[in-house]
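# Chain and residue survey
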Amino acid sequence: MAKKEANKLQRSLKSRHVMMIAIGGAIGTGLFLGSGTAIKSSGPSIIFSYLIVGIITFFMMRALGELILSSPDQSSFISSIRKYLGNRIEFVAGWTYWLCWLSLAMADLTATGIYLKYWFPSLPQWVGPLMIIFILLTINRLNVGLFGELESWFSMIKVLAIVALIIVGVMMIALQMHIDDHKVSLNNLVAYGGFFPTGISGFLMSFQMVIFAFVGIEIVGLTAGETANPEKDIPKAINSLPVRIGLFYIGSMIAIMAVEPWNEIKTTSSPFVQVFGAIGIPAAAGILNFVVLTAAMSATNSAIFSTSRSLYALAYSGNAPKKLGKLSKHGVPNYALTFSSLILFIIVILNYIMPGKIFDVISTVSTINFIMVWLMIMWCHLKYRQENKGKVSKFEMPGAPWTDWLTIIFYLAILVILFILPTTRLATILSLIFVACLWLGYGVFGKR
């Protein structure tokens, strides 16, 4: 019995840890850096893009919440996929999710090397990623509570940056301040071509970057086995999602475009820098550089956590080497942590030879694979509802099964758009090939 208990994940994550992990998963470099490109391509209609994706994401998260709370003994949503969709789909979902976070971490680690050069111009670009991997791996190996604590502080820094932006925007609007040749006003949202100045095509093109801003939000579904009170903390984190969407995403977009007309937003720098710079803060670039460095480290920290828990779940069910499911005396899957971190070291080497555009390719591949994982979560939820028809759920998804199908159709439509767009077609094809290889590879490597 003692041996059995020793092989369980430890429930060391507190309520505030789960809440901040959820917030951290919803805020990333896609908002701080990618929003400039999205604004330039779609104009004020980006607000509707964030609203639509936010609603769909809320449905996905509610489906995820109902799944993991239907059986508190499950370590993660990957275990739910095995239970309702079978070993093959779990094999595909688990390894796809592992690649999602690994590719996202590689992209963010590459970015950290660039961010650190802002303060240390002579620092070789590979040094930053090397140091960050070692530091985060060490922290994650000690105790899951330390991961939660570190992620809480990372998330707090990002939240403070967004709140500061919104407060600055509101003050400038209230004081009717002028910047260059225009007045700061909500009227700027419609004064330069209306809400859809680039047409429907520009509006549709914005979805790729908007969805990229949301990737990682489902990480809450991996904390189920390590949360002290999952039945209370997970619903609380998920239900607060609409408020976060409204404040962090839509609020920041309105503030940015009220201060600077959408057609004057530069894609070469963050919109956050432009707003802070507009009111004469000389350290705006340095402040934002610190924030985006924090966001990149947060993504890497989450990646090390999520990839190790994905491998643990796969190993537990026989779809990965058994050794990856072994836990330390602190209840941490150290072998899985070390394996994923060793793969991340590849990015240190690639920083010597990697062309600049590979960052965009990696991030797009990650986004597409996240969508595929979300689709599998929705499929799993539909199967769960069919098998448990008539039973009372602890955390029922509103509007199911209609909201399930709405979410699935939306994600499939986004994949079609990404396939049609020339800039994302290659990444879409590569992602589909990878998933197809996993499906076929199950017959060789998966559990029989």
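Residues numbered from 1 in each chain as written. Predicted model: local features only at pLDDT ≥ 70, side-chain atom pairs only at ≥ 80, totals over all residues. Heavy atoms only, no water.

## Focus on the overall build of the protein
Quick reminder of the rule: Runs of H or I in DSSP of at least four residues are treated as helices and runs of E of at least two as strands, each being numbered from the N terminus. Between buried and exposed lies partly exposed: a residue is buried under 20% and exposed over 50% of the maximum accessible area for its type, with that area taken using a 1.4 Å probe on protein chains only. Reported accessibility uses the Shrake-Rupley method at a 1.4 Å probe radius. Residues are deemed covered only where the shown protein chains occlude them.
Within the protein, the regular secondary structure consists of 18 helices and two strands. The buried share of the protein, taken over its 448 residues, is 59%. Accessible area of the protein: about 18300 Å², with a carbon and sulfur share of 69%.

## Topic: the packing of helix 4 (residues 35-42) against helix 10 (residues 199-214)
In plain terms, the rule: Every axis corresponds to a line fitted to the C-alpha atoms, with the helix fit spanning only the stretch in contact, and the corresponding angles, defined between N-to-C directions, vary from 0 to 180 degrees. Oblique is the label for any angle not under 35 degrees, not over 145, and not in the 65 to 115 range, which are roughly parallel, roughly antiparallel and roughly perpendicular in turn. Contacts: residue pairs with any heavy atoms within 4.5 Å of one another. Classification used: nonpolar for Ala, Val, Leu, Ile, Met, Phe, Trp, Tyr, Cys and Pro, charged for Asp, Glu, Lys and Arg, polar for all others including Gly.
The N-to-C vectors of helix 4 and helix 10 enclose an angle of 170°; their axes lie 8 Å apart at closest approach. Classified by the angle their axes make, helix 4 and helix 10 are roughly antiparallel. Packed against helix 4, whose contacting residues are Ala 38, Ser 41 and Ser 42, the element helix 10 presents Gly 202, Phe 203, Ser 206 and Met 209 at the interface. In the contact of helix 4 with helix 10, the residues fall into three nonpolar, four polar and no charged.

## Notes on the confidence of the model for the protein
Any residue range with low pLDDT should be treated as having predicted coordinates unsuitable for detailed reading. To keep things clear, this is the line we draw: You can read pLDDT as the predictor saying how much it trusts each residue, on a scale of 0 to 100.
Chain-level pLDDT for the protein is 80 on average; 84% of the residues reach the 70-or-more range. Per-element mean pLDDT across the protein ranges from 38 in helix 1 (residues 2-6) up to 94 in helix 17 (residues 402-420). In the predicted structure, residues 1-6 sits below a pLDDT of 50 and forms two contacts with residues beyond four places in sequence or in another chain.

## Details of the pattern of salt bridges
Where we set the bar: Definition used for salt bridges: Asp or Glu carboxyl oxygen within 4 Å of a side-chain nitrogen of Lys or Arg.
Counted by the stated rule, this structure contains three salt bridges. The salt bridge involving Arg 385 is made with Glu 66; its shortest N-O contact spans 3.1 Å. Taken together, the residues Arg 385 in helix 16 (residues 358-387) and Glu 66 in helix 5 (residues 46-69) connect sequence positions 319 residues apart. Overall, Glu 66 belongs to the buried group, its relative accessible area being 2%. Look at the salt bridges and you will find they share partners, linking Glu 66, Arg 385 and Glu 396 into a network.

## Structural notes on the side chain of Asn 369
Relative to the elements of secondary structure, Asn 369 occurs in helix 16. If we skip the residues at most four places from it in the chain, Asn 369 touches Thr 96, Leu 99, Cys 100, Ser 431 and Val 435.

## Focus on the environment of Ile 89
Tracing the backbone shows Ile 89 in helix 7 (residues 87-116). Accessibility expressed as a relative area gives 6% for Ile 89, which makes it buried. Once the C-alpha coordinates of Ile 89 and Met 376 are considered, the two residues, 287 residues apart in sequence, prove to be 8.2 Å apart. Those residues in contact with Ile 89 that lie beyond four places of it in its chain are Ile 81, Met 376, Trp 379 and Trp 439.

## Digging into the nonpolar core
Across soluble globular proteins, nonpolar side chains show a tendency to be buried alongside one another. The criterion, for reference: Among buried residues, the Ala, Val, Leu, Ile, Met, Phe, Trp, Tyr and Cys ones that are joined through side-chain atoms within 4.5 Å form a nonpolar core.
Counting residues in hydrophobic clusters, the biggest one holds 132 residues, and the most contacted among them are Tyr 50, Phe 214 and Trp 374. Ranked by residue count, the leading element in this core is helix 7, at 17 residues. Not counting chain neighbours up to four residues away, the residues in contact with Trp 374 comprise Met 60, Ile 211, Phe 214, Val 215, Glu 218 and Tyr 411.

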